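A look at the structure
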Number of protein chains: 2
Amino acid sequence: MKTSISVAIVEDKEAIRQSLAILVDGADGFVCRLTFETAEDALDQLAEEPVDVVLMDIDLPGMNGIECVRQLKPRCPQTQFMMCTVYDEDETVFDALKAGATAYILKRSPPHKLLEAITELHEGGAPMSSTIARKIAGSFHVSPTATQELDVLTSREREILDRLAKGHSHKEVANDLFVSPTTVRKHIFNIYEKLQVHSKVEAVNKYLGRK
Amino acid sequence: MKTSISVAIVEDKEAIRQSLAILVDGADGFVCRLTFETAEDALDQLAEEPVDVVLMDIDLPGMNGIECVRQLKPRCPQTQFMMCTVYDEDETVFDALKAGATAYILKRSPPHKLLEAITELHEGGAPMSSTIARKIAGSFHVSPTATQELDVLTSREREILDRLAKGHSHKEVANDLFVSPTTVRKHIFNIYEKLQVHSKVEAVNKYLGRK
DNA sequence: CCGACAATACCGCATTTGTATGATTTTTAG
DNA sequence: CTAAAAATCATACAAATGCGGTATTGTCGG
């Protein structure tokens with residue numbers, strides 16, 4: 001038989017923490033190893049005794065769950081973090097993902113869904129509610145006007161813009177491409193006109209699709 | 001009773017196209033409205049007769065499925081696009097998402113999974129295979145060193161850096177924050193020292209966590 | 001062949017920016 | 001309270017940049 005998935009729970013509300021622990025520990029193939037009331041407590045111990053999966057509440061007194069993940073993830077990279085929240089609208093999803101969380105589910109998920117999610121997370125997936133998933137997928141969407149704008153650039157101009165994006169100066173680009181600095185400046189000037197911007201940072205932002 | 005989910009299929013291989021069509025059309029609550037052999041054909045008609053969900057093969061002769069989505073999505077924004085592929089390793093996922101696709105599944109998925117995915121997509125989700133989901137979640141992950149570097153900045157410095165990231169000049173930032181331009185320059189200089197960079201673009205790149 | 005466009009290059013000017021030094025005032029932390 | 005850190009401002013200079021005009025060469029489609 002396979003070894004159980006070891007789980008830790010970080011949740012300030014006594015009742016929820018208890019019921020989560022009982023749910024996980026009672027299910028076949030899972031074992032609830034540790035529970036914590038605060039992020040600070042979790043930080044101390046989880047680094048010492050890593051588990052497979054951590055269920056992390058976001059709204060915690062003191063340090064919040066996202067910050068906790070940010071600090072814990074580098075110290076136990078093999079542990080997977082699942083954020084648990086009551087909101088599914090929030091921008092916090094992205095912060096959580098940046099911090100190193102891999103899953104993001106709603107507290108109101110039915111018990112069997114929660115267990116499924118833990119399993120999926122442990123097996124290499126990234127379970128999240130459908131609205132969250134949609135939000136994430138949508139965040140990649142590049143507005144057609146953005147890519148269209150780049151289409152007006154010539155390949156040479158794109159080449160130069162790409163180097164500007166890396167933080168190179170006129171001179172460096174010129175040396176890189178074996179052309180005169182004035183040529184590069186002319187190109188950049190043309191790029192600005194086409195993209196309707198007036199500085200490197202603005203041009204690079206458009207190029208990289210940042211707003 | 002609810003109206004069925006209308007589906008279109010874009011797939012060059014006859015056999016696959018047929019069996020997909022039969023699967024979808026045969027299932028309760030789905031109707032396969034259109035099928036296409038090439039991206040070009042789909043482009044012509046789908047703009048006229050939008051459907052709820054399009055199953056889009058990526059490897060197509062001529063225009064590929066991603067480019068097809070890119071052109072089609074702006075013209076029928078209410079339509080959801082589900083990419084179908086044999087690979088799940090590829091970087092093409094990100095291109096597909098950027099182009100406007102919302103789901104990304106493997107061709108080898110069992111029939112009932114496919115129908116489930118169509119339903120989920122239509123109801124506001126973003127179904128994708130677990131390895132894909134993991135890859136996407138991971139793409140958000142900011143390396144701890146990157147955030148650590150930003151930690152050495154004071155809140156004022158971050159405030160200024162944030163405005164530089166938007167393409168503002170020294171003067172604009174100064175006006176924004178009601179301080180003298182020389183102060184802003186001093187701050188920027190300090191930022192450069194702390195981040196070990198020598199230009200706006202480099203600083204902004206570090207700030208926004210891209211190399 | 002011709003016109004449009006891309007790539008190359010130069011000159012020049014005003015402004016912005018990067019760097020350096022120094023100083024004063026607030027805020028913060030021990 | 002006191003020392004350290006942060007925020008403020010000034011002055012100065014050289015380099016980089018943004019903006020404008022002009023010109024030559026090569027390529028490509030009509």
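Presented here is an overview of the structure given in this document. (Residues numbered from 1 in each chain as written. Chains lettered and ligands numbered in written order. Predicted model: local features only at pLDDT ≥ 70, side-chain atom pairs only at ≥ 80, totals over all residues. Heavy atoms only, no water.)

Once turned by 179° and shifted 0.5 Å along the axis, chain B lies on chain A with an RMSD of 0.7 Å. Those values place the two copies in the arrangement expected of a two-fold rotation axis. Taking the C-alpha atom as reference, chain B places V201 of chain B closest to the rotation axis, 2.9 Å from it. When the interface residues of chain B are mapped onto chain A, 100% of them are again interface residues, pointing to one common binding face. (Least-squares fit on C-alpha atoms with pLDDT ≥ 70 in both. Contact = heavy atoms within 4.5 Å.)

Our focus in this paragraph is the packing of aromatic side chains. Here the structure, examined in full by the defined rule, presents three aromatic pairs over all chains. Between F140 of chain A and F94 of chain B the ring centres are 5.5 Å apart and the planes differ by 45°, which places this aromatic pair in the tilted class. Here F94 of chain B lies in helix α4 (residues 92-99) and F140 of chain A lies in helix α6 (residues 130-140), a pairing that spans two chains. With centroids separated by 5.7 Å and ring planes inclined at 75°, the aromatic side chains of F140 of chain A and F140 of chain B adopt a geometry described as edge-to-face. Highlighted residues: F140 of chain A in helix α6 and F140 of chain B in helix α6 (residues 130-140), drawn from two different chains. For F140 of chain A, a relative accessible area of 14% translates into the label buried. Each residue in the set F94 and F140 of chain A together with F94 and F140 of chain B is aromatic and connected to the rest through ring pairs, giving one cluster. (Phe/Tyr/Trp six-rings, centres within 6.5 Å; stacked < 30°, edge-to-face > 60°. Helix = DSSP H or I, 4+ residues; strand = E, 2+ residues; numbered from the N terminus. Buried < 20%, exposed > 50% of the residue type's maximum accessible area, 1.4 Å probe, protein only.)

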